[in-house]
Amino acid sequence: MEKSSEEEKTNDEDGDKPVDCRLEDEDVVTSTSRCGEADCSEILGKELQRVCNEQLELERTPGVQRQNDERDAASCFMDTCNPSISSLSSSSSSSMLFLTPPLPPSVELSAVLTDTRLTLDVYLGGAAALPLLWGSIPGHLRRLRYLRLGSEDKSALDGALSVLPHLTGLRSLAIRGHCFYDAQGNPLPGLLTTLPTSLVSLSLLVHVDLSFNQLSVFPSCLLSLPALSALLLCHNRFSELSTDIGQLSSLTYLSLIGNKLVSLPASLGQLKELQTLDVSDNLLEELPDEIGSLGELVNFELSHNKLKRLPDTMGSLRSLRELVIFSNDLRFLPSCLNDLPLLKMDVRDNPLGRPPTPPPVFSPDEGQPNIPELHLLFNQHSFSVTSSGCHVFLPGGTQLLFPPGCLQSPTTLEWAERRPQRKWVLLGEHDILLSRPLELRPHGVSFLKPVEVCIAHHRKKWKEVVVRKYDGTSWHTLPTSLRKGSERHSIHSLERPARLACCSVSQFSWFIVIARPVTDSCSVSPAGALLVSSAHPGVKLNFPPDSTSQTRTITLQVLQVSVSEVQVLCGDPQASVSPLLCLSQTPSMHFLQPVKVQVPLPPGVTGHTIDKSCLYLLRGDSTAQTWTDITPQVSLYVTHLYAIFYITHFSWYWLWYKTQSCVGGMVRKVYQRLKQFKVQFMALQRKTDPSQVLLQCLPANKVEDRVQSLSEQYEGPQPSDLCDLLEGEQFFAGFERGLDICTDRPDCVEGRLCFVFYSSLKNLKEVYISPAKGLQGPVRGEVSFYRGEIPSSLPKEIVSKRKGHDSQWLATLPLRLPALGADNKYITEEFQLPPLNLGDPESGYLTEANLLSISLQIGQDWRVIGINLGLSYQELDRIQYKYRDNLGALVLDMLFHWAQGQKSAGPGAVSRLKAAMIESDRRDIADELEDIVSLGKQKYTESLRRVGLEAGRSSPFCESQQ
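Residues numbered from 1 in each chain as written. Predicted model: local features only at pLDDT ≥ 70, side-chain atom pairs only at ≥ 80, totals over all residues. Heavy atoms only, no water.

Topic: the pairing of strand 22 (residues 499-507)
Okay, so step 1: Across seven bridges, the pairing between strand 18 (residues 446-456) and strand 22 is antiparallel. The partner of C454 across the bridge, within strand 22, is C502. (Pairing = 2+ DSSP bridges. Helix = DSSP H or I, 4+ residues; strand = E, 2+ residues; numbered from the N terminus.)

This is the structure we're talking about:
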């Protein structure tokens, strides 16, 4: 027993960082932590204490699900602390016979086995006991959920591996080396080199730890564990990971410390649930761009590698909070990391800012004349161009290139960015606005040579980006080329160059950049033609000879459709749809011969498995917004991958596969929904001036990042429920219940602000609000959002429930104005501490000042400390939301909330606080608490002596003061 304790202590001091492979989840602490250590030691001794601690440590590991933890913890307590009620106590005496060896003679079965846990890594060669137990009590072993094995004994390990496939109830499996030491004090290496493929039967495993072994090839059986959440492969011999690691879709924690990895597979980006990734102490020189797809990643550790650069895609890791990259070869950090305001980085021991070679001297491209450059600021809206030309750079990345000779004499020109309004923006079906309208003046000036206008725009995948021009009466789509701006003209250093949509113009006007479905066109003559979609090569139109008597222009657009969204809207989990075909022609007339159309079958459907009775071909009327089932009217042929049909006139066509009845009305509803965006509204008040309110409307997938970026400047209600808005749709915001705004605003209509929603642009307004006339004291009002027309009156049920007959209403958010002071300024509330009362005389030595001092040291450990102090998860979530922007106030509220509850908890509050600090691995604070109390007792004793009272007695007056 004493040897095991010494081994454990030495293992904690191991220089190979085994502690890095042990996880502590702040959010998972069960009632196991309350197991009475004194009672356990009286029954089973020090070894059972270690088993209980190991079980607690295991339950804190992120891979172990929280479900049924309280029940398992209670089972652990009963099995270890009360053997009389354990199901194994009756056989403990006989178990010593067949478990000795491999276990020491003094070890009883109850010391290593409970109802759900088996711990065999605390005795050298203890893994050999698993086959013996399987032969004796197989039924009990099938109920095991947690198993720990050592891997320092090869024969014992091989015997244990042969039994593992039968333990199908396992949730957690640890097979680790470095658990024991030789005579010279060196850790014994783990001998595990592979795992049997039969371990695929352990389908319930959520936590696997194979650290400190000799694995060089990723065990293929791990890829077949659907529930695997935490995987630790520290200190092995991996030089590469399996390219199929993306199959572990449930993985939230992956640790690969101390291997020989030279690269990471691109499939790592498929781990959409991954929250912690640790690849420290490897040989990595770069990271794949797909690392930016880990949207849930919170902690990323890359120390002690050979990284020379970080991918720009890391700017997409919006959940990232901690990035450890010390001891690498990084000379600069991508600017995208600056867009992550809550990110904390450790960049020690990197050659940051040191260029590898002298910076190259810029030389213009060959064939480009040297023309003067002009960089304008936001307040510079006019500029002059001479006959020698000019290259003008506007704020935000837009560029204007005037070639030499485009003007005969110096001319003053102007530019302006307009707010998106219906006057300046015309969007078609499925178009998305990517830039603000740009006006270049004067409109009537003509250039002798074409001027190139390159407008900076947002990125949009799966869409064609084009520039449109408005000449005052109508819109025209211009031939557009896409390019990136020069890196040396980026707005900030190390920032990505702007994406530019460029066109050539001979006159100035209004310009916008839009994204639309990819458009393909061709001219069809009497000789026939073939048109293949550039967006989806599987879509083809075959025009036979003599299908037309005159040449006509054909236009094809292919719109990609989300199958998962269609399934949700239809309520049919087996529904699937092909891309939507939008066909048009000029002139519009029927074809003389049927045109052959080929379209891919819906995803998940092949010609061998398809049920043709569930296949529907629908024709859409873009004007009437109706859909008609034309399956009986056409000859529909199905190959292995495609569906082929023949038509004589053009419209929209959509191929559906649906097990339920397919009707046009339902398809129309799905189509309307696919054109809309899931939108949320925000109402945020400025912290320093609560009367200034920021209203914003934005797509739901951008809400969290936007709230985080504004958290330092604004506070207020969280975003509203989801709404549906079309691109370019108008809505209104009205202030009600005691709140007023300035009605002189140009965007104010009958007391409500007018918005137009554009998905890729910032839809925001800042407005000052004030209490309605005659109101005094704090005002609790609200801002409501309405679609379309402004409701003249709101029914009572709408006012009370904000749901009902008023279909124009979208959402309501509360606003609160503080009371006005004597100088007509708002009285803002300051953070106030509740009264300190720890409920017993001893706690009087811990003053409010002491708690304030302690709170400064707690920092990010506040949550686990709060849990160990007995606060509920709901209470901690409430505190975290209330002070989400102020960590200091958050910690203080947590401490004083606990202190308030100690009045009825009885004596010993300080002892409980110290125990919570120790349990939270904050021994430093526990020691400081002990010093504070000792010093307080000493001063208290001296004060009693000075007033002539005995040291052991205290007057009621003193107690009342305490």
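The structure having been displayed, the exposition proceeds.
Examining the environment of L377
Okay, so step 1: When you line up the elements, L377 lands in the loop between strand 11 (373-375) and strand 12 (382-385).
Okay, so step 2: The residues contacting L377, other than those within four sequence positions of it, are P395 and W415. (Contact = heavy atoms within 4.5 Å.)

Let's talk about helix 15 (residues 873-882)
Okay, so step 1: Burial in helix 15 covers these residues: E875, L876 and I879. Buried residues of helix 15 fall within an arc of 100 degrees about the axis and therefore sit on the same side.
Okay, so step 2: Where the residues of helix 15 are buried, they touch helix 14 (862-868) and helix 16 (887-900). (Buried < 20%, exposed > 50% of the residue type's maximum accessible area, 1.4 Å probe, protein only. Arc of directions from axis to C-beta.)

Re unusual backbone geometry
Most peptide bonds adopt trans geometry, and most residues besides glycine take a negative phi value.
Okay, so step 1: Across the junction of R441 and P442, the peptide omega takes the value 0 degrees, indicating a cis bond.
Okay, so step 2: Within the element layout of this structure, P442 appears in the loop between strand 17 (438-441) and strand 18.
Okay, so step 3: Cis geometry is adopted by the peptide bond preceding P587, which originates at T586 and carries an omega value of -5 degrees.
Okay, so step 4: Among the structural elements, P587 can be located in the loop between strand 29 (580-586) and strand 30 (595-600).
Okay, so step 5: The residue H178 is not glycine, and still its phi comes out positive at about 60 degrees.
Okay, so step 6: Tracing the sequence through the fold places H178 in the loop between strand 3 (172-176) and strand 4 (207-209).
Okay, so step 7: Residue H178 is classed as buried on the basis of its relative accessible area, which comes to 12%.

A word on the environment of S216
Okay, so step 1: Here S216 shows up in the loop between strand 4 and strand 5 (230-232).
Okay, so step 2: Judged by its relative accessible area of 40%, S216 is partly exposed.
Okay, so step 3: In this structure the C-alpha to C-alpha distance between S216 and R237, which are 21 residues apart in sequence, comes to 4.6 Å.
Okay, so step 4: Contacts of S216, omitting those with residues within four sequence positions, involve R237 and F238.

So, the sheet that holds strand 25 (residues 529-532)
Okay, so step 1: Pairing is antiparallel in the open sheet, where five strands are placed in the order 25-26-30-34-33. The two strands at the open ends of the sheet, each matched to only one other strand, are strand 25 and strand 33 (637-638).
Okay, so step 2: Sheet topology places strand 25 next to strand 26 (residues 540-543); four bridges connect them, and they run antiparallel. Across the sheet, residue L530 finds its bridge partner in strand 26, namely N542.

Some points on the packing of helix 6 (residues 129-136) against helix 8 (residues 154-163)
What describes two packed helices is the angle between their axes and the distance between those same axes.
Okay, so step 1: At a minimum axis separation of 7 Å, helix 6 and helix 8 run at an interaxial angle of 35 degrees. Along the contact surface, helix 6 presents L130, P131 and W134, while helix 8 presents G159, A160 and V163.
Okay, so step 2: A per-class count over the contact of helix 6 with helix 8 returns five nonpolar, one polar and no charged. (Axes fitted to C-alpha atoms, helices over the stretch in contact; angles between N-to-C directions. Nonpolar A, V, L, I, M, F, W, Y, C, P; charged D, E, K, R; others polar.)

Section: the side chain of Q598
Okay, so step 1: Among the structural elements, Q598 can be located in strand 30.
Okay, so step 2: On the accessibility criterion, Q598 (15% relative accessible area) is buried.
Okay, so step 3: There is a polar contact of 3.0 Å between the side chain of Q598 and the backbone oxygen of G538. (Polar contact = N/O pair within 3.5 Å; in protein donor to acceptor, adjacent residues only side chain to side chain.)

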